[in-house]
Amino acid sequence: MSRWLRSPEAVIALILILAMVLIGLANPAFWSWTNLFSLVKSNIVIGLIALGVLLVMLTGGFDVSGPAFAVAAMYIVVRGMVAAEYDGVVLPFVAATLIGAALGLMNAVIVHRFRMIPLIVTLGTGSIVRGLLLGVLGTSIVNINKMPHGLRDFGAANMLTLTTPDGRPVGLTAMLVVYAAIAILLHLVLSRTMIGRSVYAYGSSPESAERVGFDIWRTMMFVYVTAGALAGFAGLLQAAMIWQANPRDFIGLELDVIAAVVLGGASIFGGRGTVLGTVLGVFIVVMIKNSLILLGVDTTWQRVVVGAMLIGATALSALRDRKAKV
């Protein structure tokens, strides 16, 4: 217990609790069930994408293609469901996940085979995928009237429903269970399996990881394919929860995702970071943006705050890693 209290995750959790108290004192509306349940719901999609980015960052790279892969998988699957008049749930999520995984494999092949910088590769692939999506499938939005009922019902499921003082029902989305299950599974993979150890080893030193017998290609394929799969799954989950498929969704989300992962304690140089830290980092970013909305701050200034948080967290991460090497 005392060891955990000295961990970066404990510090992040303490900062999160302190921030929640201060925000609640500044605006008591923060503690309303409506706002808290909305806050939790806002964590899920960005959190799933951030878990994929964590994997890439653990290997010392940056992945900014996740939002583009998410919207591509979401829009392709929803448009396909509408055209085929298909109303299931399981098959569409499998399809979205596989689309994301295939796009992630593309990243893995380019980064590994051509020894290219992950940030440049993912910037390029993300841009290509978005361009092809808009150019081939168009820009029309699939709204609530055309959304498949199966997806809508799935995304609207609640695990808890309460009544506000004014008589309105508010629900805690059941998608939280999905998010938690995936986060726990990824934590177990990273902490209890050889492929998880290979990810940390590669991030610390690719050459050393290869010398001790880790299959570098297998590691890179696992990282990028999993990141893409998580993005694809998250994209369709977003459509299910908001009852809309917009091919222009997730623009600018890359900054929020990277800020969340870095705030969660992941090293920008690779080899350090945890699932719990990332989940907490996502909560901080979403909560700060949520509180700015409650305070009536313009969205332009929200980007300023998130950018400042990213720079600050990156500086602290670099300082920590520099001290660790001394």
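Keep in mind it's a predicted model, so treat the numbers as computed, not measured.

Looking at the overall build of the protein chain
Consideration 1: Helices and strands together make up the secondary structure of the protein chain, namely 14 helices and 2 strands.
Consideration 2: Compactness check: the protein chain gives a C-alpha radius of gyration of 20 Å against a globular reference of 20 Å for 326 residues, within 12% of the reference.
Consideration 3: Over its C-alpha atoms, taken along the principal directions, the protein chain stretches across nearly 60 × 50 × 35 Å.
Consideration 4: Across the 326 residues of the protein chain, 51% fall into the buried class.
Consideration 5: If you take every contact in the protein chain between residues at least 6 apart in sequence, the share linking residues at least 24 apart comes to 76%.
Consideration 6: Here the protein chain displays about 15,500 Å² of accessible surface, and carbon together with sulfur accounts for 68% of that area.
Consideration 7: Averaging the positions of the 22 positive and the 14 negative side-chain charges in the protein chain gives two centres separated by 7 Å.

Concerning the pairing of strand β1 (residues 158–163)
Consideration 1: Bridge count for β1 against strand β2 (residues 169–173) is 5 bridges, and the pairing is antiparallel. Opposite L162, over in β2, you have V170 as the bridge partner.

Points about the nonpolar core
General note: in soluble globular proteins, nonpolar side chains tend to be found buried as a group.
Consideration 1: Ranked by size, the top nonpolar core spans 97 residues in total, and within it L48, L51, V78, L151, L237 and M287 carry the most contacts.
Consideration 2: Once residues within four sequence positions are removed from consideration, L51 is found in contact with Y179, I182, A183, L186, L230, V275 and T278.

Structural notes on the pattern of salt bridges
Consideration 1: Using the criterion set out here, one finds 2 salt bridges in the structure.
Consideration 2: For D166, the salt bridge identified is with R168, shortest N-O distance 3.0 Å.
Consideration 3: Put simply, D256 and K289 hold a salt bridge, and the shortest N to O gap is 2.8 Å. Of the two residues, D256 sits in helix α12 (residues 253–263) while K289 sits in helix α13 (residues 275–294), which places them 33 residues apart along the sequence.

With respect to the side chain of N107
Consideration 1: Locating N107 in the fold gives a position in helix α5 (residues 90–113).
Consideration 2: Using a relative accessible area of 1% as the deciding quantity, one classes N107 as buried.
Consideration 3: In contact with N107, not counting residues within four places along its chain, are D63, S65, F69, V121, T122, T125 and Y224.

Overview of unusual backbone geometry
Consideration 1: Positive phi values are uncommon outside glycine, yet E85 reaches one of about 55 degrees.
Consideration 2: E85 gets classed as exposed once you look at its relative accessible area, which sits at 72%.
Consideration 3: For W243, which is not glycine, the phi torsion reads 60 degrees and is therefore positive.
Consideration 4: Along the chain, W243 turns up in the loop between α11 (216–242) and α12.

Details of the environment of S205
Consideration 1: Locating S205 in the fold gives a position in the loop between α9 (194–204) and α10 (206–211).
Consideration 2: Of the residues examined, S205 reaches a relative accessible area of 19% and is grouped as buried.
Consideration 3: Separated by 145 residues in the primary sequence, S205 and G60 have C-alpha atoms spaced 9.2 Å apart.

Details of the packing of aromatic side chains
Consideration 1: In total, this model carries 4 aromatic pairs according to the counting rule given.
Consideration 2: Between the aromatic rings of F30 and W31, the centroid separation amounts to 5.1 Å while the plane-to-plane angle is 85 degrees, which identifies the pairing as edge-to-face.
Consideration 3: A connected cluster of aromatic rings, assembled from ring pairs, spans F93, F154 and F233.
Consideration 4: Above the ring of W217, the side-chain terminus of R113 is found at 4.8 Å from the ring centroid.
Consideration 5: Here the guanidinium or amino end of R152 rests over the ring plane of W243, the centre of that ring lying 5.4 Å away.

Thoughts on helix α4 (residues 66–84)
Consideration 1: An ideal rise of 1.5 Å per residue puts 27 Å on 19 residues; α4 measures up with 27 Å between its terminal C-alpha atoms.
Consideration 2: The first or second residue beyond α4 is E85, which carries a positive phi of 55 degrees.

Reading the values: rules and limits
- The written sequence of each chain sets the order in which its residues are numbered from 1.
- In keeping with the model being predicted, local features are shown solely for residues with a pLDDT of at least 70 and side-chain atom pairs are shown and tallied solely at 80 or more, while totals for entire chains, interfaces and linings include all residues.
- The basis for every side-chain value is the complete set of heavy atoms in the structure, and neither hydrogens nor water enter the calculation.
- Under the DSSP-based scheme used, a helix requires at least four consecutive residues in state H or I and a strand at least two consecutive residues in state E, with every element numbered from the N terminus.
- We take the radius of gyration over the C-alpha atoms and set the globule estimate at 2.2 Å times the residue count to the 0.38 power.
- Burial status follows relative accessibility: with a 1.4 Å probe on protein chains alone, a residue under 20% of its type maximum counts as buried, one over 50% as exposed, and anything between as partly exposed.
- Here, residues are in contact when the closest pair of their heavy atoms is within 4.5 Å.
- Computed with the Shrake-Rupley method and a 1.4 Å probe, the accessible areas treat only the protein chains shown as cover for residues.
- The charged-residue count follows a simple rule in which Lys and Arg add positive charge and Asp and Glu add negative charge, with His and chain termini not counted at all.
- By convention, charge coordinates are those of NZ in Lys, CZ in Arg, CG in Asp, or CD in Glu.
- Strand pairing is assigned whenever DSSP identifies at least 2 bridges connecting the two strands.
- Only buried residues count toward a nonpolar core. Its members are Ala, Val, Leu, Ile, Met, Phe, Trp, Tyr and Cys residues joined through side-chain atoms within 4.5 Å.
- By salt bridge we mean one thing: a side-chain nitrogen of Lys or Arg within 4 Å of a carboxyl oxygen of Asp or Glu.
- In this analysis, rings of Phe, Tyr and Trp, with Trp reduced to its six-membered ring, are considered paired at centre separations within 6.5 Å, and the interplanar angle assigns stacked below 30 degrees, edge-to-face beyond 60, and tilted for intermediate values.
- Counting as a charge over the ring demands two things of the Lys NZ or Arg CZ atom: a distance within 6 Å of the ring centre and an angle within 35 degrees of the ring normal.
- One less than the residue count of a helix, multiplied by 1.5 Å, gives the span that helix is expected to have.

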